[in-house]
Amino acid sequence: MKVIDLRSDTVTLPTDEMRRAMAEAEVGDDVYGEDPTVNALEELAAEMMQKEAAVFTVSGTMSNLISVLAQTRRGDEIIVGSEAHVFWYEVGGASALGGVIVHTIPNTTDGRLEIEDLEKAIRSKNIHNPPSTLLCLENTHNRCGGAVLDVKYISAAAGLAHRHSLRVHIDGARIFNAAVALKVPASELVKDADSVSFCLSKGLSAPVGSLVCGDRDFIDRARKYRKMVGGGMRQAGVLAAAGLVALRTMIDRLAEDHRNARLLAEGLRLIPGLVVADNVPTNIVLFSLPPAVSGDIFVKEISSRGVKLSPRGGQQFRAVTHRMVTSDDIDEALSRVDACLRSLR
Ligand SMILES: Cc1ncc(COP(=O)(O)O)c(C=O)c1O
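The paragraphs below set out a description of the structure included in this document. (Residues numbered from 1 in each chain as written. Predicted model: local features only at pLDDT ≥ 70, side-chain atom pairs only at ≥ 80, totals over all residues. Heavy atoms only, no water.)

1. Some remarks on the sheet that holds strand S4 (residues 101–105)
- One open sheet holds the seven strands; their spatial order is S2-S8-S7-S6-S5-S3-S4, and the pairing between them is mixed. For this open sheet the edge positions go to strand S2 (53–57) and S4, each flanked by a neighbour on one side alone. Along the sheet, successive strands turn relative to each other by an average axial angle of 20 degrees, direction set aside.
- Pairing analysis gives three bridges linking strand S6 (residues 167–171) to strand S7 (residues 195–199), with the strands arranged parallel. Paired with His-169 across the bridge in S7 is Ser-195.
- Along the sheet face, helix H2 (residues 36–49) touches S2, S7 and strand S8 (210–214) and points at about 125 degrees away from the line of S2. (Pairing = 2+ DSSP bridges. Helix = DSSP H or I, 4+ residues; strand = E, 2+ residues; numbered from the N terminus. Axes fitted to C-alpha atoms, helices over the stretch in contact; angles between N-to-C directions. Contact = heavy atoms within 4.5 Å.)

Here it is as C-alpha cells:
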C-alpha cells in the first residue's frame, strides 16, 4: 500500500538533481564568507526578491527569529496575526530571545489583518507604551489554509506601518506559492517589505534551508544574530547547492500542487459530513469532521489506511499537497478517507 503523506510539503525529498548538485558542490567556510555555493544562493535569492542582500539559514523559524532580532530592541512590541506561524509554532523565540512583546490582532480567514485593527494596534508615543516597531505578515498563510496576500493589500498594510515608523517583515515561507497563485513575481509581493524570509525545504523540495532578504545593513545585523543563535554553518554549500536547484527548477511546478489541492477539496466536499474550507488558493486544504467522529480516532484509523494528515485540534485537519503526491494519489486518498469515515459512523 502506498502511503500518501499529506501532513506537510516539508516531507518532500530532494530530487536526484539536488543530490548530484550536493555531492559536487564547491564549498568553503561560510562563516568566513568563503563558500562559493552559499554566496551564489544568497545572491540569487536577493536578486529574485529584488533586495540588496540575503543570508542563508537552517530553517524558516531561524529566519523569522533573526529578522525580528535584527529589527527590534528588547521591550519593543511587534504586531502579528492571531494565526501567525511566528506566534503559534516558533516556541516563542521572539519573546524569549528577543525580549519583544508579541501583540496579536485577529487574522481574517484569508490571512489578512484588517487595516483598522492594525491602525488601532500601533501604539501611540506615550510614556506608558512599548514602542511598536515591527509588523509581521505571512504569505501564504499556513493556518489560514494557504491564503494569499496580494500586492494591493500588502502595500496598504506596509504603507500604514511605515507611516508610523514600523518596519515590515513578511514570513514568506511559501512566498513562491503565493507568486504562482497570483501569477506575479515574488519580488512584487515583497517590494513594500523591509525583510522577507522564505523556505527552500517546503514545496520547493530542498532538504534544508531558508533565506532572509533585505537591505545590506539589515542583512549584516541578521547575519550576526544568525551566528549568535548558533546558525553559522561551515561548508554549507552542500545544502545551498540543493537550494539553487530548488530556486531554478521547482517554482513553476507549484501550480500542479495547487491543482491537486483543489481536486482534494472538491473530493472532500462530496464526502458526507465533512466541512471543507471554501477557498483553496494554494496547496493547503483545511477541513473538519462531523461532530460524531472523534478526531483522535480518525487520525489513527486513516493513518492505518495509509493516508497521513495533520490534526489541528478537535475535529479540524490540514492536508497539504506537494511534489510527492500525484493526482492519482489524491483520488486514492479520497476513497480511503471516504471508506474510513463510513467505518467510523
Ligand atoms: C508560514 C511558516 N513560517 C515559518 C515556518 C517555519 O519553517 P521551519 O519549519 O523551516 O522552521 C513554517 C513551517 O511550516 C511556516 O509554515
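2. Considerations on the nonpolar core
- Formed by 57 residues in total, the largest nonpolar core has its most connected members in Leu-135, Phe-176 and Phe-198.
- A per-element tally of this core places helix H7 (residues 151–163) first, with seven residues.
- Sequence-distant contacts of Phe-176, defined by excluding residues within four places in its chain, comprise Met-48, Met-49, Ala-186, Phe-198, Leu-204, Leu-247, Ile-251 and Leu-254.
- In this structure, Leu-268, Ile-271, Leu-274 and Phe-287 belong to the second largest nonpolar core, which totals 27 residues. (Core = buried A, V, L, I, M, F, W, Y, C linked by side-chain atoms within 4.5 Å. Buried < 20%, exposed > 50% of the residue type's maximum accessible area, 1.4 Å probe, protein only.)

3. Observations concerning the layout of surface pockets
- Of the volumes computed, that of the largest pocket is approximately 330 Å³.
- Taken together, 22 residues make up the lining of the largest pocket; nearest its centre are His-85, Tyr-89, Asn-142, Arg-174 and Lys-202.
- Looking at the lining of the largest pocket, the elements that each hand over two or more residues are helix H3 (60–69) and S7.
- With three residues, H3 is the single largest residue contributor to the lining of the largest pocket.
- Split by residue class, the lining of the largest pocket holds three nonpolar, 11 polar and eight charged.
- When its volume is computed, the second largest pocket comes out at roughly 240 Å³.
- Lining the second largest pocket we find 15 residues, and of these Thr-109, Asp-110, Cys-144, Ala-277 and Leu-286 sit closest to its centre.
- The residue inventory of the lining of the second largest pocket, partitioned by class, reads five nonpolar, five polar and five charged. (1 Å grid on protein atoms, 1.4 Å probe; cavity = no way out; pocket = protein on both sides within 12 Å on 5 of 7 lines; lining within 4 Å. Points joined across faces, edges and corners; volume = space filled by probe spheres on them. Nonpolar A, V, L, I, M, F, W, Y, C, P; charged D, E, K, R; others polar.)

4. A few points about empty space enclosed by the protein
- Counted under the stated rule, the structure contains three cavities of 30 Å³ or more.
- There is about 70 Å³ of room inside the largest cavity.
- Taken together, Gly-81, Ala-84, His-85, Val-86, Asn-107, Gly-111, Leu-113, Cys-136, Leu-137, Glu-138, His-141 and Asp-171 make up the full set of residues lining the largest cavity.
- When contributions to the lining of the largest cavity are tallied by element, the ones reaching two or more residues are helix H4 (85–88) and strand S5 (132–138).
- Looking at which element gives the most residues to the lining of the largest cavity, the answer is S5, with three residues.
- When the residues that make up the lining of the largest cavity are grouped by side-chain class, the tally is five nonpolar, five polar and two charged.

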